Amino acid sequence: MSTPKRVLVTGGAGFIGLHTVRRLVGDGFAVVVLDDLRHACGESLPPSAELVTADINSPAASEAVARFRPDAILHLAAQGGVSRSVRDPAGDALVNVLGTIALLKASVDAGCRRFVFASSGGAIYGHATRLPTPERIAARPLSPYGAAKLAAEGYLGTFTRTFGLRTVALRYSNVYGPWQDGTGEAGVVAITCQRLLSGRNPQIRGDGRQTRDFVFVADVADANLRALRSRVTGPINIGTGVSTSIRRVVDELMTAAAYQGPIDFVEGMPGEVRDTALDTRRAATSLGWTASTSLRDGLRQTLTSFRERVPQPTVHATSAPAGAEATPGRGSPGGSG
């Protein structure tokens, strides 16, 4: 397959999407962004990237694919909250399963040759019997979110076998970095930055000893570009292979922010995996990709980006925050694993 020149990115106005779109435009690709803007990251798209505002399940989305006739599609749009999927599994499946199927069908109809799907290495394996976890380990998701991603991967395989669409599922670990949403319920790095810089105590769900594989968004954008250019099919883990505790991440951010107050611990949530780390040897061999940003450097870059956007308080609050919003969940697509 020749290198694609025309790429449609769903969720391209979101966290991971915008980092990737800026890379694509910088490399000379023609880009159309399909996004309903419900989770836009607030930064501007490159002027040359066309924005189509539509839900991925809508006729307008299929019409945009048919009109643009992309060489490749990068599908990042998703319902990204694990706890939200537990509360509303049907709503999660509507976006993460049916939306993906609609986009696969539109891709085939438009003659698209390559389809790159943002899956989840953080949620899809469940309580993995091996860490770091390779792709060959059976997927046993604990949440409707993970189950939806696994179901969508099944459709990718079907469209490859039946229609010849070259599909690949990038199983992201926990993606973090600048422009991630710090106001929702997923993405402990972004939420901790938001809390620290707005004068609230950092918050941890559970005991803080649960671990995640944290991968920096710029590294993920690089993996996306390599996958778009490659011919490889099937699932590929995108992470660092390193398990890091939630407590260590929060401690690192507290140090970087010169915060010396308490941490608020709240109850964990159902459907959450205890420990994750992804074996990324297939990414290295098939995409020539490995993560290059250290956790400390990535966290400091992220905190700096939040500091530039968030008004600074004169003192840090010491009382417990109202509400329990921080989770050690994925930084979803636009997020994470």
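Notes on the structure in this doc start here. (Residues numbered from 1 in each chain as written. Predicted model: local features only at pLDDT ≥ 70, side-chain atom pairs only at ≥ 80, totals over all residues. Heavy atoms only, no water.)

1. Points about helix H11 (residues 295-307)
Taking 1.5 Å of rise per residue, 13 residues should cover 18 Å, and H11 covers 18 Å from first to last C-alpha, within 8% of that figure. Three or more residues of H11 are buried, namely Leu295, Gly298, Leu299, Thr302, Leu303, Ser305 and Phe306. Considered in projection along H11, the buried side chains sweep an arc of 160° and stay on one side of the axis. Its buried side turned inward, H11 meets strand E7 (174-176), helix H7 (188-197), strand E10 (214-216), strand E12 (244-245) and helix H9 (246-256). (Helix = DSSP H or I, 4+ residues; strand = E, 2+ residues; numbered from the N terminus. Expected span 1.5 Å × (residues − 1). Buried < 20%, exposed > 50% of the residue type's maximum accessible area, 1.4 Å probe, protein only. Arc of directions from axis to C-beta. Contact = heavy atoms within 4.5 Å.)

2. Regarding the environment of Val249
As for its placement among the helices and strands, Val249 is situated in helix H9. Setting aside chain neighbours within four positions, we find Val249 in contact with Val189, Phe214, Thr244, Leu295 and Leu299.

3. A look at unusual backbone geometry
Phi is mostly negative for residues that are not glycine, and the peptide bonds are mostly trans. A cis amide bond, omega -10°, links Leu131 with the succeeding residue Pro132. Tracing the backbone through its elements, the reader meets Pro132 in the loop between helix H5 (121-124) and helix H6 (144-163). Of note in this structure, Leu37 is not a glycine but carries a positive phi near 70°. Residue placement: Leu37 occurs in the loop between strand E2 (30-35) and strand E3 (50-53). The class for Leu37 is partly exposed, based on a relative accessible area of 37%. Residue Ala258 is not a glycine yet carries a positive backbone phi of 55°. Among the structural elements, Ala258 can be located in the loop between H9 and strand E13 (264-266).

4. A closer look at the sheet that holds E2
Strand order across the open sheet formed by seven strands is E3-E2-E1-E4-E5-E6-E11, with parallel pairing between neighbours. Looking along the sheet, the strands with just one partner apiece sit at the ends: E3 and strand E11 (234-238). Direction aside, neighbouring strands of the sheet carry axes that sit 20° apart on average. Lying over the sheet, helix H1 (residues 15-26) contacts strand E1 (6-10), E2, strand E4 (72-75) and strand E6 (166-172), oriented at roughly 165° with respect to E2. (Pairing = 2+ DSSP bridges. Axes fitted to C-alpha atoms, helices over the stretch in contact; angles between N-to-C directions.)

5. Looking at the environment of Gly99
The topology assignment puts Gly99 in helix H4 (residues 89-109). Judged by its relative accessible area of 0%, Gly99 falls in the buried class. With 38 residues separating them in the primary sequence, Gly99 and Ala61 have C-alpha atoms 9.9 Å apart. When sequence neighbours within four positions are dropped, the list of residues in contact with Gly99 reads Ile56, Asn57 and Leu94.

6. What to know about the packing of H7 against H9
Two numbers describe how H7 lies on H9: the axes approach to 10 Å, and their chain directions differ by 35°. Of the two possible hands of crossing, H7 and H9 adopt the one that is right-handed. Where H7 abuts H9, its residues Val188, Val189, Thr192, Cys193 and Leu196 lie against Ile246, Val249, Val250, Leu253 and Met254. The class makeup of the residues in the contact of H7 with H9 is nine nonpolar, one polar and no charged. (Left-handed = near helix turned anticlockwise from the far one by under 90°. Nonpolar A, V, L, I, M, F, W, Y, C, P; charged D, E, K, R; others polar.)

7. Let's talk about the packing of H4 against H6
Two elements in contact, H4 and H6, have axes whose closest approach is 9 Å; the angle formed by their N-to-C orientations is 15°. As the angle between them shows, H4 and H6 are arranged roughly parallel. The crossing of H4 and H6 is right-handed. Across the interface between the two elements, Pro89, Asp92, Asn96, Val97, Thr100, Ile101, Leu104, Lys105 and Val108 from H4 touch Pro144, Tyr145, Ala148, Ala151, Ala152, Tyr155, Leu156, Phe159 and Phe163 from H6. (Parallel < 35°, antiparallel > 145°, perpendicular 65-115°, else oblique.)

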